[in-house]
Structure formats: structure tokens, C-alpha cells
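What the coordinates show
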Amino acid sequence: DAGVIQSPRHEVTEMGQEVTLRCKPISGHDYLFWYRQTMMRGLELLIYFNNNVPIDDSGMPEDRFSAKMPNASFSTLKIQPSEPRDSAVYFCASSSGTPGAFFGQGTRLTVV
Amino acid sequence: AQSVTQPDIHITVSEGASLELRCNYSYGATPYLFWYVQSPGQGLQLLLKYFSGDTLVQGIKGFEAEFKRSQSSFNLRKPSVHWSDAAEYFCAFSSGGYNKLIFGAGTRLAVHP
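Residues numbered from 1 in each chain as written. Chains lettered and ligands numbered in written order. Predicted model: local features only at pLDDT ≥ 70, side-chain atom pairs only at ≥ 80, totals over all residues. Heavy atoms only, no water.

Comments concerning the pairing of strand β7 (residues 65-71) of chain A
Residues and elements named next belong to chain A. Note: β7 against strand β8 (residues 74-79), five bridges, orientation antiparallel. Pairing of Phe65 across the sheet is with Ile79, part of β8. Adjacent in sequence and paired antiparallel, β7 and β8 are bridged by two residues. (Pairing = 2+ DSSP bridges. Helix = DSSP H or I, 4+ residues; strand = E, 2+ residues; numbered from the N terminus.)

Side note on the pattern of salt bridges
Residues and elements named next belong to chain A. By the definition in use, this model includes 13 salt bridges over all chains. Glu62 is the salt-bridge partner of Arg85, the closest N and O atoms lying 2.8 Å from each other. With Arg85 in the loop between β8 and β9 (88-95) and Glu62 in the loop between β6 (53-56) and β7, this pair connects stretches of sequence that are 23 residues apart. On the basis of relative accessibility, which here comes to 53%, the residue Arg85 falls in the exposed class. Overall, Glu62 belongs to the partly exposed group, its relative accessible area being 26%. Measuring nitrogen to oxygen at the nearest pair gives 2.6 Å for the salt bridge that ties Arg85 to Glu83. (Salt bridge = Lys/Arg side-chain N within 4 Å of Asp/Glu carboxyl O. Buried < 20%, exposed > 50% of the residue type's maximum accessible area, 1.4 Å probe, protein only.)

With respect to the layout of surface pockets
What the largest pocket holds in volume is close to 710 Å³. What lines the largest pocket is a set of 31 residues, among which Gln37, Thr38 and Met39 of chain A together with Glu88 and Arg108 of chain B lie closest to the centre. Looking at the lining of the largest pocket, the elements that each hand over two or more residues are β4 (31-38), β5 (42-50), β9 and β11 (107-111) of chain A together with β10 (87-94) of chain B. Of all the elements, β11 of chain A adds the most residues to the lining of the largest pocket, at four residues. Among the residues making up the lining of the largest pocket, the classes are represented as 11 nonpolar, 15 polar and five charged. (1 Å grid on protein atoms, 1.4 Å probe; cavity = no way out; pocket = protein on both sides within 12 Å on 5 of 7 lines; lining within 4 Å. Points joined across faces, edges and corners; volume = space filled by probe spheres on them. Nonpolar A, V, L, I, M, F, W, Y, C, P; charged D, E, K, R; others polar.)

Focus on the interface of chain A and chain B
Contacts between the two partners involve 20 residues from chain A, matched on the other side by 17 residues from chain B. Ranking the residues of chain A by area buried against chain B places Leu43, Pro99 and Phe103 of chain A at the top, with a combined share of 33%. Viewed at the interface, chain B and chain A are joined by zero salt bridges. Counting across the interface, chain A meets chain B through six residue pairs in polar contact (both at pLDDT 80 or more). Breaking the side of chain A that touches chain B down by element, the ones donating at least two residues are β4, β5 and β9 of chain A. If you tally residues by element for the side of chain A that touches chain B, the top one is β4 of chain A, at four residues. Class assignment of the residues belonging to the side of chain A that touches chain B gives a composition of 10 nonpolar, eight polar and two charged. (Contact = heavy atoms within 4.5 Å. Buried area = accessible area lost by both parts, 1.4 Å probe. Polar contact = N/O pair within 3.5 Å; in protein donor to acceptor, adjacent residues only side chain to side chain.)

Describing unusual backbone geometry
The amide bond that connects Ser7 of chain A to the next residue, Pro8 of chain A, takes the cis arrangement and shows omega of -10°. One can find Pro8 of chain A in the loop between β1 (5-7) and β2 (10-13). Of note, the amide linkage connecting Gln80 of chain A to Pro81 of chain A takes the cis form, showing an omega dihedral of -10°. For Pro81 of chain A, the position within the fold is in the loop between β8 and β9. The phi torsion at Ser72 of chain B lies on the positive side, around 50°, for a residue other than glycine. In this fold, Ser72 of chain B is placed in the loop between β8 (64-68) and β9 (73-78). Taking the relative accessible area as the measure of exposure, Ser72 of chain B reaches 26% and is therefore partly exposed.

Some points on the sheet that holds strand β3 (residues 19-24) of chain A
Residue and element names in this part refer to chain A. If you walk across this open sheet you meet the four strands as β1-β3-β8-β7, and the pairing is antiparallel. Unpaired on one side and paired on the other, β1 and β7 mark the two borders of the sheet. Each adjacent strand pair in this sheet contributes to an overall mean axis angle of 15°, direction not counted. (Axes fitted to C-alpha atoms, helices over the stretch in contact; angles between N-to-C directions.)

Honestly, it's all geometry; don't read function into it.
Next comes the structure, spelled out in C-alpha cells:
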């Protein structure tokens, strides 16, 4: 298995633009997580899905953030409009029914 | 509140020396516990995990961790550190029945030759 695949690896965008981050989980995994990593706040769970259904989105910072999982093999995290304080590394992770997730390589987002 | 604490932000050891990274958790029951490693510019890799049973858990890359309920700790150890172990290490837990992971702030390990 190729593991969790995220795209793009790096994204530089201007403030106010829409940003879409993409994730392909490991085949057969029914949990998908979006995390954000910053120096100030460390690793924060933004949202997670079970069987494509959002279970807990309490970590989503603002209405500017939205996440979808239209099918078992694809998820997106969208920021609209983006702001400089959204600059971070965004990780997608997936797991099966057993706790303990497998992480993608991350997307480094820079909003200028 | 549920939380995990890694008291050491930075640790420096010499190559070949032993290593212990500390992790304490706050939770009303026994959580599921994990250690992850993150190399620069990379994602997080699972080193080991504890669910139940034997309190000494073996992981990849020669790491082990010991769960101590009385101390609410899950410290990571390695008997002899290699230069390639330089990375950031994260302790995490999830509460029973849920899959979401709560991470500590991380400990950055530097290895001197």
C-alpha cells in the first residue's frame, strides 16, 4: 500500500484566495483525520470522519474551514478565504477500527 | 481534562548513549497510548502503541516504552541512540472507544557524534 497520500506537498497562496488540500487514505481504513501543525499550537485535530461521515469537527477553527469526504478514498480540506495565520502544515491520517493512525507526508501551506 | 504532557522540549544526547523521553497523561481510565516520530519535513511515523496487557511495549527502530499506571506515564526508551534518531518525538493518547489522537507538544531530540 502506498500509505496516506496528500497533495499538494507545498502550497503558496495569497491572502483571500481559496485553498484546497487533498487526501487519499489507506485503502480499507474507515477513519480519516485532518490535523494542523504549527509551532505555537503543536498538532491539533481539526476534524475526523468515520465511514465518510464527519464525527467531530470541534477543532475546525472557523467557518472559513470546511472538510468533505465524498467517498472512502478521497477527502478535501478547504479554506476560503485564506489568511496568513492559516499558514501551517496540514496532515491527513487514516486508521482502521484499531486506534493509532497512519499519517501522510503533510501539506505545507503558506499564505502571503 | 484529557491531556498528555511531554515535560522536555529539547533533549541532547551523545551517539551511543541511552535515551528516555518522558510522557505523562491525564485521563480517568487507562487510555490507548502511542509514540510517534517525525523527521524534518516528514509526516509522523508510529513507533509503538499500548492498549493493554504487558506494560513494556516493543516498537520499531529499537525503541520500547513502559506504561506505569501509578505514575500515569508512558516513557520512551532506547538503550543506544544512533545519529539517525535525531527527530521530534510525540506522545499521544486516545480515550477508549474513540479513534482520535491527542498529542503532546513533542520533544526534539538532538544527537551529538
